Amino acid sequence: MMDFEATLSRLREHFDSGATRPLAARLDSLRALERWLEHNEDAVLAALHEDLGKSACEAYLTEVAMIRQELRHARKHLPKWVKPQRARTALGQMPGACRVYSEPYGVALVMSPWNYPFQLSVAPLIGALCAGNCALLKPSAYAPATSALLERMARETFAPGLVTVVQGGRQENAALLEQRFDYLFFTGSPQVGRLVMEKAAAHLTPVSLELGGKSPVIVERTADVALAARRIVWGKFLNAGQTCVAPDYVLVERRLEQSLIDALVAQIRAQHTSAPLANPDYPKIVNERHFDRLEGLMQSGVVLHGGQTDRRSLRIAPTLLTDVAWDSPVMSEEIFGPLLPILTVDSLDEAIRRIRQRPKPLALYLFTRDREAQRRVLEQVSFGGGCINDTVMHLATPYMPFGGVGESGMGRYHGKDGFDTFSHRKSVLRRGARPDVPLRYAPYGEKRLKTVRRLL
């Protein structure tokens, strides 16, 4: 194992030198990362195919393109982000001037998952660099090809004390969490997120937890069923369902159930062919342990469509499940695979009630043409983010924050929100020596109190 104390010492020394603070240095880091990606794009796509069986097009759309967009956006707007922000000066502070300064925390630990191993590693890293931090990046051991490529990226792009990548598994994760960092950014499961938060509490380290949960889809009675089916199938079976914001289950009003099922089956065949296990563009399950877990979850209901598996290639066909009980295993944990339970409800009220009985989801998707239905869901259901008449696409932008709420996480990033996440906002009142109003100084008295009440 790496000597983590020595590694952190090098990162702290680099940060303490002040080298990361100038705007020019931050922009140089972003440009260097952008150049590296331009020259190594094919290597990134190859690593993602090796780890998860992603096609070049899917990998580019969901990982490379998003990072390129984040980099362009950050380089354009960072000069404005770093400027101190004026704040209104309260009466009691006059004469004076108030400013809010964004300063880096110091050394940040970024722990990333295996399902989007490039995008979910580099996107928070961009936020950390924009804010002027040094970073230790710990990618997942379940995506070894991408992890090795990230280590090479750091070595070829950044100064040794600016970004360090640590490879390894649980032993390395546990050792890192015993160290004192200035900020901790974790993407993964709620179960591991609890452990991360517990370890961070020992050093009072601020954290962002990007977790998951069971993200529902509501197909309301006025929905365009054909459109809903097309976008549900795309969002659900992207990366073979191994997406934190993938539709986890569908709540459809009873009158639309059969028409939705027919449309979903048609879309699965259209998007993934009638033989998805032989489709070279269809991704694989990350490893045998997750493959076995998904095979077990498939027993929670009746397989309406799909259900084929190939252990040799670690592929599971897009699968629709019906007759699923609310307390069944497939409804008790995040699926994180290509299984889609379909449950019927009698009304939008029932759908809202069912969702509110469960932990707050990371995402929610509503298909409807009724403005009142949209208003009711947005006002009555708490969730991290989502779409109306689409799935997944709400996170594909640097202009809106992405994050969870409750058990689905805490903290936000992407664009300016990523910069803010990795920055401490420091409030400063600047005053001169004169005049010095005696009103606030002791001794006090009834007369002084009357004056203060009159003025304030």
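Here the structure is shown first, and the text comes after it.
As the structure is a computational prediction, the values presented were derived from the model and not from experiment.

Novice: Quick one: what's the story with the overall build of the protein, residue by residue and with numbers?
Specialist: Tallying secondary structure elements over the protein gives 14 helices and 18 strands in all. For a compact globule of 456 residues, the expected C-alpha radius of gyration is about 23 Å, and the protein comes in at 25 Å, within 12% of that figure. Seen along its three principal axes, the alpha-carbon backbone of the protein occupies a region of about 80 × 55 × 40 Å. By residue count, 53% of the 456 residues in the protein fall in the buried class.

Novice: Explain helix H1 (residues 4–16) residue by residue, including any values.
Specialist: Along its 13 residues, H1 runs 18 Å from first to last C-alpha, staying within 8% of the 18 Å computed at 1.5 Å per residue. Taken together, the buried residues of H1 touch strand E2 (97–104), strand E3 (107–111), strand E4 (134–138), strand E5 (163–165) and helix H6 (170–177). Where H1 begins, the capping side chain belongs to Asp3, and its oxygen is found 3.3 Å from the backbone nitrogen of Glu5. Directly after H1, the chain includes Gly18, whose backbone phi takes a positive value near 85°.

Novice: A description of the sheet that holds strand E8 (residues 216–219) should follow, citing residues and the corresponding values.
Specialist: Strands pair in a sheet through their backbones, by hydrogen bonds, and they do so in one of two ways: parallel or antiparallel. Taken in spatial order, the 7 strands make up an open sheet running E10-E13-E14-E9-E8-E15-E16, and their pairing is mixed. The sheet terminates laterally at strand E10 (302–305) and strand E16 (385–388), the two strands that pair on one side only. On average, each strand axis in the sheet is tilted by 25° relative to the strand beside it, whichever way the strands run. Relative to strand E9 (residues 249–253), E8 is paired through 4 bridges, and the arrangement is parallel. Each residue of the ladder has a partner; that of Val219, found in E9, is Val252.

Novice: So what's going on with the packing of helix H2 (residues 23–52) against helix H4 (residues 119–130)? Residues and values would help.
Specialist: Viewed as axis vectors pointing N to C, H2 and H4 meet at an angle of 155°, and their least axial separation amounts to 9 Å. Considering their axes alone, H2 and H4 lie roughly antiparallel with respect to each other. Contact with H2, carried on its side by Arg26, Ser29, Leu30 and Leu33, involves Val122, Ile126, Leu129 and Cys130 of H4 and no other residues of that element. For the contact of H2 with H4, the per-class residue count stands at 6 nonpolar, 1 polar and 1 charged.

Novice: Just give me the short version of the environment of Gln242, but keep the residues and values in it.
Specialist: Among the structural elements, Gln242 can be located in the loop between helix H8 (225–237) and E9. Once the C-alpha coordinates of Gln242 and Glu350 are considered, the two residues, 108 residues apart in sequence, prove to be 28 Å apart. From its side chain, Gln242 meets the backbone oxygen of Lys284 in a polar contact 3.0 Å long. In terms of polar contacts, Gln242 uses its side chain to reach the backbone amide nitrogen of Val286, at 3.1 Å.

Novice: Let's hear about the sheet that holds strand E1 (residues 85–87): which residues, and what values?
Specialist: The strand order across the open sheet formed by 3 strands is E1-E2-E18, and the pairing between neighbours is antiparallel. Every interior strand has two partners, whereas the edge strands, E1 and strand E18 (423–430), have only one. Averaged over all pairs of adjacent strands, the angle between strand axes in this sheet comes to 30°, irrespective of strand direction. With 3 bridges joining them, E1 and E2 adopt antiparallel strand pairing.

Novice: Explain the side chain of Gln374 residue by residue, including any values.
Specialist: The topology assignment puts Gln374 in helix H12 (residues 371–380). The exposure class assigned to Gln374 is buried, which follows from its relative accessible area of 15%. Each residue touching Gln374, except ones within four places of it in the same chain, is listed here: Leu366, Thr368 and Ile388.

Novice: Which residues make up the environment of Arg194, and what values go with them?
Specialist: Position of Arg194 relative to the elements: it lies in helix H7 (residues 190–202). Under the relative-accessibility criterion, Arg194 is labelled partly exposed at 48%. As a C-alpha pair, Arg194 and Gly409 span 215 residues in sequence and 9.9 Å in three-dimensional space.

Novice: I'd like to hear about the side chain of Thr89, residue by residue, with values.
Specialist: Note that Thr89 resides in the loop between E1 and E2. With near-sequence residues (within four places) excluded, Thr89 lies in contact with Met94, Gly96, Ala97 and Cys98.

Novice: How would you sum up the pattern of salt bridges? Please name residues and give values.
Specialist: Oppositely charged side chains can pair when the atoms bearing their charge come close. Inspection of the entire model under this criterion finds 23 salt bridges. In this structure, the salt-bridge partner of Arg311 is Glu295, at a minimum N-O distance of 3.7 Å. Of this pair, Arg311 sits in the loop between strand E11 (309–310) and strand E12 (315–316) while Glu295 is found in helix H10 (residues 288–297), placing the two residues 16 residues apart along the sequence. Here Glu379 makes a salt bridge to Arg375, at a shortest N to O gap of 2.6 Å. Linking Glu379 with Arg375, this pair stays in helix H12, spanning 4 residues, or about one helical turn. Since its relative accessible area comes to 35%, Arg375 is described here as partly exposed. Put simply, Glu288, Asp292, Glu295 and Arg311 are held in one network by salt bridges that share partners.

Calculation notes
Residues numbered from 1 in each chain as written. Predicted model: local features only at pLDDT ≥ 70, side-chain atom pairs only at ≥ 80, totals over all residues. Heavy atoms only, no water. Helix = DSSP H or I, 4+ residues; strand = E, 2+ residues; numbered from the N terminus. Rg over C-alpha atoms; globule rule 2.2 N^0.38 Å. Buried < 20%, exposed > 50% of the residue type's maximum accessible area, 1.4 Å probe, protein only. Expected span 1.5 Å × (residues − 1). Contact = heavy atoms within 4.5 Å. Polar contact = N/O pair within 3.5 Å; in protein donor to acceptor, adjacent residues only side chain to side chain. Pairing = 2+ DSSP bridges. Axes fitted to C-alpha atoms, helices over the stretch in contact; angles between N-to-C directions. Parallel < 35°, antiparallel > 145°, perpendicular 65-115°, else oblique. Nonpolar A, V, L, I, M, F, W, Y, C, P; charged D, E, K, R; others polar. Salt bridge = Lys/Arg side-chain N within 4 Å of Asp/Glu carboxyl O.

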